[in-house]
Amino acid sequence: MATAKKPAAKTAAKKPAAKKAAAKPAAKKAAPAKKAAPAKKAAAKPVAKKAAAKPAAKKAAPAKKVAAKKPVAKKAAKPKTPRKPNAAFMKPMTPSATLGAVIGANPLPRTEVTKKVWDYIKKNKLQDEANKRMINADDKLKAVFGGKKQVSMFEMTKLISNHLQ
C-alpha cells in the first residue's frame with residue numbers, strides 16, 4: 001500500500017512543475033492586463049496558489065527521504081588480542097663483517113638491526129639536513145651501502161638485508 005502512494009506523489013510532484021512552467025507565461029501576460037481588467041486579477045490568484053504549492057511539495061519530499069534512511073547498525077567488535085610479532089622478523093640473523101663494524105657481531109633480529117643502524121646514523125649525524133629521507137654515508141656505512149655516498153632510508157633497509165645471513 002505504501003509503495004502505491006509514493007509513485008502517485010512523484011507524478012503529482014512532476015505535474016506542478018509542468019504547470020508552473022506553463023503558468024509563468026500566463027502570469028507575464030496577466031501582469032499588463034491586471035491594470036486594465038479586474039476580472040483577470042481573479043484568474044491570476046489561483047496561479048499564484050499553484051506556484052506556492054510547489055515549494056511546499058519540495059520541502060515535504062526531502063523530509064520523506066530523511067525519514068526513509070535507516071541508521072547503520074555497528075558490527076560487534078572482536079575482543080582485542082595482543083599483537084604477535086612475525087616470527088621471520090624475530091629470528092636472530094648474523095650480520096656480515098662490514099655490517100658488524102657498525103652494529104656489532106652478535107646475532108640480532110631484523111628489527112633490532114634496523115634500530116641499531118638508525119642509532120648509529122643519529123649518533124654520528126649522518127641524516128641529510130635538507131632532505132631527512134636521505135642518509136649520508138661515512139666510511140663504515142659506505143662499505144655497507146656498496147660504495148654509495150648517499151642512499152634513501154628505504155633503499156638502506158634493502159642494502160642492509162644483503163648483509164644479514
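Structure shown above.
**Some details on the overall build of the chain**
Then, in step 1: Looking only at helices and strands, one finds seven helices and two strands in the chain.
Then, in step 2: Classification of the 165 residues of the chain by burial places 20% in the buried group.
Then, in step 3: Summarising the internal contacts of the chain: among those between residues at least 6 apart in sequence, 28% fall at separations of at least 24.

**Re the nonpolar core**
In summary, soluble globular proteins display a tendency toward joint burial of nonpolar side chains.
Then, in step 1: By size, the foremost hydrophobic cluster in this structure holds 21 residues, and its most contacted members are Leu 141, Phe 145 and Met 156.
Then, in step 2: Apart from the residues within four sequence positions on either side, Leu 141 is in contact with Val 102, Tyr 120, Ile 121, Leu 126 and Ile 135.

**Here we look at helix α5 (residues 110–123)**
Then, in step 1: Taking 1.5 Å per residue as the helical rise, α5 with its 14 residues ought to reach 20 Å, and the 20 Å between its terminal C-alpha atoms agrees with that figure.
Then, in step 2: What α5 keeps buried is the set Val 113, Val 117, Trp 118, Tyr 120 and Ile 121. Taken around the axis of α5, the buried residues stretch over an arc of 155 degrees, which confines them to a single face. Exposed side chains of α5 directed beyond 90 degrees from the buried face belong to Asp 119, Lys 122 and Lys 123.
Then, in step 3: On its buried side, α5 packs onto α4 (97–103), β1 (134–136), α6 (139–144) and α7 (153–161).
Then, in step 4: The first or second residue beyond α5 is Lys 125, which carries a positive phi of 55 degrees.

**As for the packing of α5 against α7**
Then, in step 1: For the pair α5 and α7, the least separation of the axes is 11 Å and the interaxial angle reads 125 degrees. As far as their axial angle goes, α7 and α5 are oblique. Read as a crossing pair, α5 and α7 show a hand that is right-handed. Where α5 abuts α7, its residues Arg 110, Val 113, Val 117, Trp 118 and Ile 121 lie against Met 153, Met 156, Ile 160 and Ser 161.

**Some points on α7**
Then, in step 1: Taken residue by residue, α7 has Met 156, Leu 159 and Ile 160 as its buried positions. With its buried residues spanning 100 degrees around the axis, α7 presents them on a single face. What points out from α7, more than 90 degrees from its buried face, is the exposed set Phe 154 and Lys 158.
Then, in step 2: Structurally, α7 contributes buried residues whose contacts are with α4, α5, β1, α6 and β2 (150–152).

**Side note on the environment of Asp 138**
Then, in step 1: Along the chain, the position of Asp 138 falls in the loop between β1 and α6.
Then, in step 2: Here Asp 138 falls in the partly exposed class, since its relative accessible area comes to 21%.
Then, in step 3: For the pair Asp 138 and Gln 150, spaced 12 residues apart in the sequence, the C-alpha separation amounts to 9.3 Å.
Then, in step 4: In contact with Asp 138, other than residues within four places in its own chain, are Tyr 120, Asn 124 and Leu 126.

Analysis parameters
Residues numbered from 1 in each chain as written. Predicted model: local features only at pLDDT ≥ 70, side-chain atom pairs only at ≥ 80, totals over all residues. Heavy atoms only, no water. Helix = DSSP H or I, 4+ residues; strand = E, 2+ residues; numbered from the N terminus. Buried < 20%, exposed > 50% of the residue type's maximum accessible area, 1.4 Å probe, protein only. Contact = heavy atoms within 4.5 Å. Core = buried A, V, L, I, M, F, W, Y, C linked by side-chain atoms within 4.5 Å. Expected span 1.5 Å × (residues − 1). Arc of directions from axis to C-beta. Axes fitted to C-alpha atoms, helices over the stretch in contact; angles between N-to-C directions. Parallel < 35°, antiparallel > 145°, perpendicular 65-115°, else oblique. Left-handed = near helix turned anticlockwise from the far one by under 90°.

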